[in-house]
Amino acid sequence: MGPPLEVGLGLNANETLRSTIEKSITSEALSLDYVWIADLPDQLYAPVVASVVAASAKRIRIGIGLMSVLLHTPRQIAMAVTALNRAYGERFDLCIGAGDLRQLSRVGLHLDNIRDLPLQVLKAKRQISDQLRKSSVKAEIWLGAQGPKMLAIAKAFDGVLLNFSKPEMIEWAIAEAGLGKNSGPKIGIYSPSYVHLKPRPNMLLLAKLASATVAIGASSTVLRRFGLYDQLRKGRKLAKKNPTLESVLYAIPDQVIRDFSITMKAANLRSYLAKLESLKVKHIVFAYPQGYSVETVKQLKKALDLAS
């Protein structure tokens, strides 16, 4: 019997298609529930990657996103999901939201200059839902959220994916959005991860880099709520100057990094998943660098088996 959560593996769309296919097939063979394919301005278009994955991994569900409604119109998003479902069956889900601050700034989009962002996301969700319904396509639409303003619209979605991993933060977000009820949207987390049997230094560094990226882009409200804002002030200022992330990393305390990643020994995973279950979390995505290689995917499965 597996863990009580839907388990997904997060994949980067900028890897080679061969590598992505291999990890997706491995995930399916290991009976993971999902693969999630990220969509970022500097990566391959996620729906295209999803189509290649679906042609090779025949049964596993495929999540697409987070897709930014600032980069893609609701019609474009709905048409992509419709085309995928018609070609490969109804096994695709979608996560939408504003997007990553640093990534969007690279293509000239600055969230500080955009008004009523939650309203824009909510409007896009309704338009996508209407388009999918007209096309007779069934797909769950998740919200990628973190701060209180975006969490306020979570009830309009099928699920909400939180991109932090600390149970206290998750509990706060659930209460903030009024979630956790049986009739409400599913609660999920999408977090940088490295669950291991024996840690490798290069993988630990990748996990730190991935979690630092999330922490730097975190909601200021969340950071202040948990006393992390001042600790991250220097790292966030450095990040705005676009240096290498490695140089920013040294300005970020390890405690902050731990709050934004699932980096742990396999033996500790059982208690962590039990805590998530007690918070009524139903969906967990182990994001990069857990999907770094086929071997790290297999390590995750071994850890999940130990936790079951």
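For the structure, check the block above.
This write-up is about the structure you can find in this document.

About the criteria used
- Residues numbered from 1 in each chain as written.
- Predicted model: local features only at pLDDT ≥ 70, side-chain atom pairs only at ≥ 80, totals over all residues.
- Heavy atoms only, no water.
- Helix = DSSP H or I, 4+ residues; strand = E, 2+ residues; numbered from the N terminus.
- Buried < 20%, exposed > 50% of the residue type's maximum accessible area, 1.4 Å probe, protein only.
- Contact = heavy atoms within 4.5 Å.
- Areas by Shrake-Rupley, 256 points an atom, 1.4 Å probe, with all protein chains shown as cover.
- Axes fitted to C-alpha atoms, helices over the stretch in contact; angles between N-to-C directions.
- Parallel < 35°, antiparallel > 145°, perpendicular 65-115°, else oblique.
- Left-handed = near helix turned anticlockwise from the far one by under 90°.
- Nonpolar A, V, L, I, M, F, W, Y, C, P; charged D, E, K, R; others polar.
- Core = buried A, V, L, I, M, F, W, Y, C linked by side-chain atoms within 4.5 Å.
- Salt bridge = Lys/Arg side-chain N within 4 Å of Asp/Glu carboxyl O.
- Pairing = 2+ DSSP bridges.
- Phe/Tyr/Trp six-rings, centres within 6.5 Å; stacked < 30°, edge-to-face > 60°.
- Lys NZ or Arg CZ within 6 Å of the ring centre and 35° of its normal.

Attention now goes to the overall build of the protein. Along the protein, the regular secondary structure elements total 14 helices and nine strands. Here the protein holds 308 residues, and the buried ones make up 55% of them. By sequence separation, contacts in the protein at least 24 residues apart represent 76% of the contacts at least 6 residues apart. Of the accessible surface of the protein, which amounts to about 14200 Å², a share of 52% is contributed by carbon and sulfur atoms.

Two elements in contact, helix α1 (residues 17-29) and helix α2 (residues 46-56), have axes whose closest approach is 9 Å; the angle formed by their N-to-C orientations is 50°. It follows from the interaxial angle that α1 and α2 lie oblique. When the axes of α1 and α2 are compared, the crossing they make is right-handed. Residue-level contacts link L17, T20, I21, S24 and I25 of α1 to V49, V52, V53 and S56 of α2. Partitioning the contact of α1 with α2 into residue classes produces six nonpolar, three polar and no charged.

Next up on the list: the nonpolar core. With 95 residues, the main nonpolar core has I170, F260, L269, Y272 and I284 as its most contacted residues. Tallying contributions element by element places helix α8 (residues 201-216) first for this core, with eight residues. If sequence neighbours within four positions are ignored, I170 has contacts with L162, F164, S165, I189, Y272, L276, L279 and V281. Counting nine residues, the second-largest nonpolar core is a separate cluster that includes Y34, C95, L161 and Y190.

Enumeration according to the criterion identifies eight salt bridges in this entry. Among the ionic pairs, K23 bridges to E15, the shortest N-O distance being 2.6 Å. Look at E15 and you get buried, because its relative accessible area is 16%. Between D305 and K301 there is a salt bridge, with its nearest N and O atoms 3.3 Å apart. Of the two residues, D305 and K301 both sit in helix α14 (residues 294-307), four residues apart, roughly one turn of that helix. Through salt bridges with shared partners, a single network forms among E6, E140 and K186.

For the rest of this paragraph, the subject is the pairing of strand β9 (residues 283-287). Within β9, five of the five residues are buried, which leaves it mostly tucked inside the rest of the structure. Here β9 shows no split at all, with H283, V285 and A287 on one side and I284 and F286 on the other all buried. As defined by bridge partners, strand β1 (residues 6-11) adjoins β9 across four bridges and the pair is classed as parallel. Each bridged residue has a counterpart across the sheet, and for V7 the counterpart in β9 is I284. Sheet topology note: the strand β7 (residues 186-196)/β9 ladder contains five bridges and is parallel. In the sheet register, G188 faces β9, and the bridge partner there is H283.

Throughout the structure, instances matching the rule amount to four aromatic pairs. Relative to F92, the ring of Y88 lies with its centre 6.5 Å away and its plane at 55°, an arrangement referred to as tilted. Judged by its relative accessible area of 32%, Y88 is partly exposed. When the ring of W172 is compared with that of F226, the centres are 6.2 Å apart and the planes differ by 90°; the resulting orientation is edge-to-face. Of this pair, W172 sits in helix α7 (residues 167-177) while F226 sits in the loop between α9 (220-225) and α10 (229-240), placing them 54 residues apart in sequence. F226 sits in the buried class, given a relative accessible area of 19%. Taken together through their ring pairs, the aromatic side chains of Y34, W36 and W142 make up a single cluster. The positively charged end of R224 is found above the aromatic ring belonging to Y229, 4.0 Å away from the centroid.

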